[in-house]
Amino acid sequence: TRCAMCGGSLGGGRAVEEIRLGEHRIEVILPARRCLACGATFTDGGTALRVDLEVAARLPEWGIACGAAFRLARKALGLRGADAAALLDVDAATISRWETGKVPVDRAALAALSAVAAERLGGSEATLDRLRGLQSASVRKRLRLDLTG
């Protein structure tokens, strides 16, 4: 493979990306290809999407619960503000107030988005499906759960 900038040969390497979330700084080390001639660094486009999901999945364990963190998690999941509001059963204006720092982020809401991100990395959508099920207008009144096998 050749460098898109100068046509030189590409070798293995890594790139360092810094993500700023309010006062927090997260250093992410990514696999990359580096041009041996000009030094340009290239990362796979899918890696960028994965980085945001990886960070979103770890926000609660890192204790980061600011508006920028909520926005990163929401966007990593591909949710519009209105979609996140519907899933979390809050007003869309509440999402905006969380993300702009006008009011503190609801930690349970951030934990829910973080769980969805973690599951998506593992190939599951269980929490997202549950949230969507709870937002459904037609809830059945009679259900059956058979645990006999």
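Residues numbered from 1 in each chain as written. Predicted model: local features only at pLDDT ≥ 70, side-chain atom pairs only at ≥ 80, totals over all residues. Heavy atoms only, no water.

Peer 1: Just checking my understanding: could you explain the packing of helix α2 (residues 67–76) against helix α5 (residues 107–121) for this structure?
Peer 2: For any two helices packed against each other, the geometry comes down to the angle between their axes and how far apart the axes lie. Between α2 and α5, whose axes approach to 10 Å, the crossing angle comes to 40 degrees. Considering their axes alone, α2 and α5 lie oblique with respect to each other. For α2 against α5, the interelement crossing comes out left-handed. For the pair α2 and α5, contact is made by A69, F70, A73, R74 and A76 and by A109, L110, L113 and R120, respectively. (Axes fitted to C-alpha atoms, helices over the stretch in contact; angles between N-to-C directions. Helix = DSSP H or I, 4+ residues; strand = E, 2+ residues; numbered from the N terminus. Parallel < 35°, antiparallel > 145°, perpendicular 65-115°, else oblique. Left-handed = near helix turned anticlockwise from the far one by under 90°. Contact = heavy atoms within 4.5 Å.)

Peer 1: What am I meant to see in the pattern of salt bridges here?
Peer 2: Where side chains of opposite charge bring their charged atoms close, a pairing between them can arise. As enumerated under the stated definition, the model contains seven salt bridges in all. Salt-bridge contacts for E54 lead to R50; the nearest nitrogen and oxygen are separated by 3.0 Å. Remark: R50 and E54 occur in helix α1 (residues 45–62); sequence separation between them is four residues, near one turn of the helix. Residue classification places R50 among the exposed positions, given a relative accessible area of 52%. A salt bridge links R80 to D83; its shortest N-O distance comes to 3.0 Å. Taking relative accessible area as the criterion, R80 reaches 55% and is therefore assigned exposed. (Salt bridge = Lys/Arg side-chain N within 4 Å of Asp/Glu carboxyl O. Buried < 20%, exposed > 50% of the residue type's maximum accessible area, 1.4 Å probe, protein only.)

Peer 1: I keep staring at the pairing of strand β1 (residues 10–21) and nothing clicks. Help me out?
Peer 2: The two faces of the sheet receive side chains in turn, since in a regular strand these alternate between them. Here β1 pairs with strand β2 (residues 24–35) via twelve bridges, running antiparallel. Across the sheet, the residue bridging to V16 is I29, located in β2. What sits between β1 and β2 in their antiparallel hairpin is a turn of two residues, with G22 showing a positive phi close to 60 degrees. (Pairing = 2+ DSSP bridges.)

Peer 1: Would you take a moment to explain the nonpolar core for this structure?
Peer 2: In globular proteins that are soluble, nonpolar side chains generally tend to be buried together. Counting 34 residues, the largest nonpolar core has I19, L21, V55, L59 and F70 as its most contacted members. Those elements that provide at least two residues to this core are β1, β2, α1, α2, α3 (81–88), α4 (92–100), α5 and α6 (126–135). Discounting chain neighbours no more than four positions away, the residues touching L59 are L21, I64, A69, A73, L110 and S114. (Core = buried A, V, L, I, M, F, W, Y, C linked by side-chain atoms within 4.5 Å.)

Peer 1: Explain the packing of aromatic side chains to me, please; I cannot follow it from the model alone.
Peer 2: Each aromatic ring pair is described using two quantities: the centre-to-centre distance and the angle formed by the ring planes. Taken as a whole, this structure holds one aromatic pair when the rule is applied. Ring centres of F70 and W98 lie 5.1 Å apart, and the angle between their planes is 70 degrees; on these two criteria the pair is classed as edge-to-face. Of this pair, F70 sits in helix α2 while W98 sits in helix α4, and the two are 28 residues apart along the sequence. Just as F70 is buried, W98 falls in that class too. (Phe/Tyr/Trp six-rings, centres within 6.5 Å; stacked < 30°, edge-to-face > 60°.)

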